[in-house]
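Residues per chain are reported as follows:
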Amino acid sequence: MDTVRDASRSTTAAGGAALGLAAVAALSLTAAHLLNRGTGADELVTLGMLLGWTLTAWSAIVGVVVAVQLGRGLARRRTARADILLLVATVAVIAATLAVYPPFGSGGASA
């Protein structure tokens, strides 16, 4: 039987995973960008971009799952501040990544 304490731990773990994925995605996109500015191999740039965008998508998916869990938890019990802070930090990292490396348009991954 899933208790309130176990649900809170799983939400915190999922929030941490989403934040970790978003951070690694941002680092991967930054590394690919720096390799692209230099004389880096095209294969590494492509791999870095693909890895970065894949991890960004997964962090967004996990973030949505965490937001749904927090929304359900708000109706039943008090949520931990750490869960909310992890979700806010994840959204901030994803937003900053999308602002710096837009997926399309001027300066996007298509250029």
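Residues numbered from 1 in each chain as written. Predicted model: local features only at pLDDT ≥ 70, side-chain atom pairs only at ≥ 80, totals over all residues. Heavy atoms only, no water.

Caption draft 1: How the structure looks around the overall build of the chain. In terms of helices and strands, the chain carries three helices and zero strands. Relative to its 111 residues, the chain shows a buried fraction of 29%. Relative to all contacts within the chain whose residues are 6 or more apart in sequence, the contacts with residues 24 or more apart total 72%. Accessible surface computed for the chain: about 7200 Å², of which carbon and sulfur atoms make up 69%. (Helix = DSSP H or I, 4+ residues; strand = E, 2+ residues; numbered from the N terminus. Buried < 20%, exposed > 50% of the residue type's maximum accessible area, 1.4 Å probe, protein only. Contact = heavy atoms within 4.5 Å. Areas by Shrake-Rupley, 256 points an atom, 1.4 Å probe, with all protein chains shown as cover.)

Caption draft 2: Structural detail: a nonpolar patch on the surface. Taken together, Leu 35, Leu 44 and Leu 47 make up a surface patch of nonpolar side chains, about 270 Å² in accessible area. In this structure, Leu 35 sits in helix H1 (residues 4-37). In this structure Leu 35 comes out as partly exposed when scored by relative accessible area, which is 33%. (Patch = residues over 30% accessible without salt bridge, like charges linked within 9 Å, V, L, I, M, F, W, Y side chains within 5 Å. Salt bridge = Lys/Arg side-chain N within 4 Å of Asp/Glu carboxyl O.)

Caption draft 3: Spotlight on the environment of Glu 43. Structurally, the position occupied by Glu 43 is in helix H2 (residues 42-76). When its relative accessible area of 61% is taken as the criterion, Glu 43 is described as exposed. As for Glu 43 and Ala 32, which are separated by 11 residues in sequence, their C-alpha atoms are 9.9 Å apart.

Caption draft 4: Inspection of the packing of H2 against helix H3 (residues 81-100) at higher detail. As a packed pair, H2 and H3 sit with axes 10 Å apart at the nearest point and diverge in direction by 150°. One element, H2, and the other, H3, form an angle in the roughly antiparallel class. Along this stretch, H2 crosses H3, giving a crossing that reads as left-handed. Across from Trp 53, Thr 56, Ser 59, Ala 60, Gly 63, Val 66, Ala 67 and Leu 70 in H2, the residues of H3 making contact are Asp 83, Ile 84, Leu 87, Thr 90, Ile 94, Thr 97 and Leu 98. When grouped by side-chain class, the residues that make up the contact of H2 with H3 number nine nonpolar, five polar and one charged. (Axes fitted to C-alpha atoms, helices over the stretch in contact; angles between N-to-C directions. Parallel < 35°, antiparallel > 145°, perpendicular 65-115°, else oblique. Left-handed = near helix turned anticlockwise from the far one by under 90°. Nonpolar A, V, L, I, M, F, W, Y, C, P; charged D, E, K, R; others polar.)

Caption draft 5: Summary view of the side chain of Thr 56. Along the chain, Thr 56 falls in helix H2. Overall, the relative accessible area of 7% leaves Thr 56 in the buried class.

Caption draft 6: How the structure looks around the confidence of the model for the chain. Here the chain averages 83 in pLDDT, and 84% of its residues register 70 or above. Per-element confidence in the chain is highest for H3, whose mean pLDDT is 91, and lowest for H1, whose mean pLDDT is 84. (pLDDT = per-residue confidence, 0-100.)

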